[in-house]
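Residues per chain, in single letters:
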Amino acid sequence: MTAPLVSVLMAVGPGARADWAAEALRSLLRQIAPPAMEVIIVLDGAPFEITDEPDDWGPDAGGLLRLVSQAHAGLAASLNRAACLAGGHLYARMDADDIAHPKRLARQVDALRSLGVDVLGTWAHEYGVVNGLMRYPVGHTEILAAMPRHNPFCHPTVLMRREAFWRAGGYEGGPGQDWRLWRRMAAQGARFANLPEPLLYYRRHRGQVSAGWRGRAAAWSGRLSPLLRVPGQRSH
């Protein structure tokens, strides 16, 4: 098997649904002209099992899927475990309730290389209890300017360089673990961009972790921003 360029990191927690997780996984296995890749799934106290049987996912699934089961440890710990197992030079995030656009990975790998950035997100279509287009700042300067006030990335759209991820220490537990990771990366000089293309279908549903986090963002931002300010930026 060819060594992967991209390792997709996915955690499946106790509240996950098997049908949604299957949709998410199929969207990755059906990518058009994908890079050499692997999908690492940490079953983090998930209420169901996932297998790598060809009858379930197709003849190539056994070479693409890596499955790990553990007692529930939380999203940050699960993603760090997946990253420790990953063989790719690039880490792609994906949630177990979203759907990747068929050209997502090919488009992002090309763009990350051409832009020379360390972290590349995209816009997203949100659907479910809320429907619309999720827009994010596009350029590095815009992203840095937005970072103290709100999360400038849709986390499950992100593709990032392995070296930048580990240099920043990986994910830390607690609310906004991705937002805080971007801040540590920024302090170390990482470069950022978002593609203004919706390459993910982001499912909105009641009880969603990120929806709950978004609802608490205003309360947390006052505590996070002074601690995580990008060097050279003035506080407001």
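Residues numbered from 1 in each chain as written. Predicted model: local features only at pLDDT ≥ 70, side-chain atom pairs only at ≥ 80, totals over all residues. Heavy atoms only, no water.

Participant: An account of the side chain of D118 is requested, with residue identities and associated values reported.
Facilitator: Examined against the element boundaries, D118 turns out to sit in the loop between α5 (104-115) and β6 (119-128). Take D118: its relative accessible area is 14%, and that puts it in the buried class. For D118, the side chain forms a polar contact with the main-chain nitrogen of R191, separated by 2.8 Å. Dropping the residues within four chain positions of it, D118 is found in contact with L112, L159, M160, R161, A164, A190 and R191. (Helix = DSSP H or I, 4+ residues; strand = E, 2+ residues; numbered from the N terminus. Buried < 20%, exposed > 50% of the residue type's maximum accessible area, 1.4 Å probe, protein only. Polar contact = N/O pair within 3.5 Å; in protein donor to acceptor, adjacent residues only side chain to side chain. Contact = heavy atoms within 4.5 Å.)

Participant: Please set out the packing of aromatic side chains residue by residue, giving values where relevant.
Facilitator: Per the counting criterion, the structure on display carries five aromatic pairs. A ring pair is formed by F153 and F192, whose centres lie 5.8 Å apart and whose planes are at 50°; its orientation type is tilted. Placement of F153 in the loop between α6 (140-146) and β8 (159-161) and of F192 in strand β9 (residues 192-204) is noted, with a sequence separation of 39 residues between them. Pairing F165 with W166 gives two aromatic rings, centres 4.9 Å apart and planes at 80°, and the pair type is edge-to-face. What makes W166 partly exposed here is its relative accessible area of 35%. Above the face of the W20 ring, R17 is positioned so that its terminal group lies 4.0 Å from the ring centre. (Phe/Tyr/Trp six-rings, centres within 6.5 Å; stacked < 30°, edge-to-face > 60°. Lys NZ or Arg CZ within 6 Å of the ring centre and 35° of its normal.)

Participant: Account for the environment of Y201, with residues named and values stated.
Facilitator: Residue position: Y201 is located in strand β9. Y201 sits 67 residues away from M134 along the chain, and the two C-alpha atoms are 9.8 Å apart.

Participant: How would you explain the nonpolar core if you had to name every residue and give the values?
Facilitator: Counting 40 residues, the largest nonpolar core has V6, V8, M10, V12, V39, I41 and M94 as its most contacted members. Only β1 (6-12), α1 (18-29), β2 (37-44), β4 (90-93), α5, β6 and β9 provide two or more residues apiece to this core. Among the elements that take part in this core, β9 stands out by supplying five residues, more than any other. With sequence-adjacent residues up to four places away left out, V8 is seen in contact with L28, M37, E38, V39, I40, A92, M94 and L105. Counting residues in each nonpolar core, the second largest holds 29 residues, with A83, M147, W179 and A190 among its members. (Core = buried A, V, L, I, M, F, W, Y, C linked by side-chain atoms within 4.5 Å.)

Participant: Break down the pattern of salt bridges for me, citing the residues and quoting the values.
Facilitator: Across all of its chains, the model carries nine salt bridges by this definition. A salt bridge links E38 to R66, with the nearest nitrogen and oxygen atoms 3.6 Å apart. Remark: R66 occurs in strand β3 (residues 65-70) and E38 occurs in strand β2; sequence separation between them is 28 residues. Its salt-bridge partner being R161, residue D118 comes within 3.8 Å of it at the nearest N-O pair. Of this pair, D118 sits in the loop between α5 and β6 while R161 sits in strand β8, and the two are 43 residues apart along the sequence. A network of salt bridges, in which partner residues are shared, links E172, R180 and R184. (Salt bridge = Lys/Arg side-chain N within 4 Å of Asp/Glu carboxyl O.)

Participant: Tell me about the environment of L85, residues and numbers included.
Facilitator: Looking at the element boundaries, L85 is found in helix α4 (residues 75-85). Setting aside chain neighbours within four positions, we find L85 in contact with E38, I40, R66 and V68.

Participant: I'd love a proper account of the side chain of E126, names of residues and values included.
Facilitator: With respect to the secondary-structure elements, E126 resides in strand β6. Polar contacts involving the side chain of E126 include one to the side chain of R204, which spans 2.8 Å. Not counting residues up to four positions away in its chain, the partners in contact with E126 are N131, G132, M134, Y202 and R204.

Participant: I'd love a proper account of helix α8 (residues 177-187), names of residues and values included.
Facilitator: With respect to burial, α8 is a largely interior element, 10 of its 11 residues being buried. Listed as buried for α8 are Q177, D178, W179, R180, L181, W182, R183, R184, M185 and A186. Downstream of α8 by a residue or two, G189 has a phi angle that is positive, lying close to 90°.

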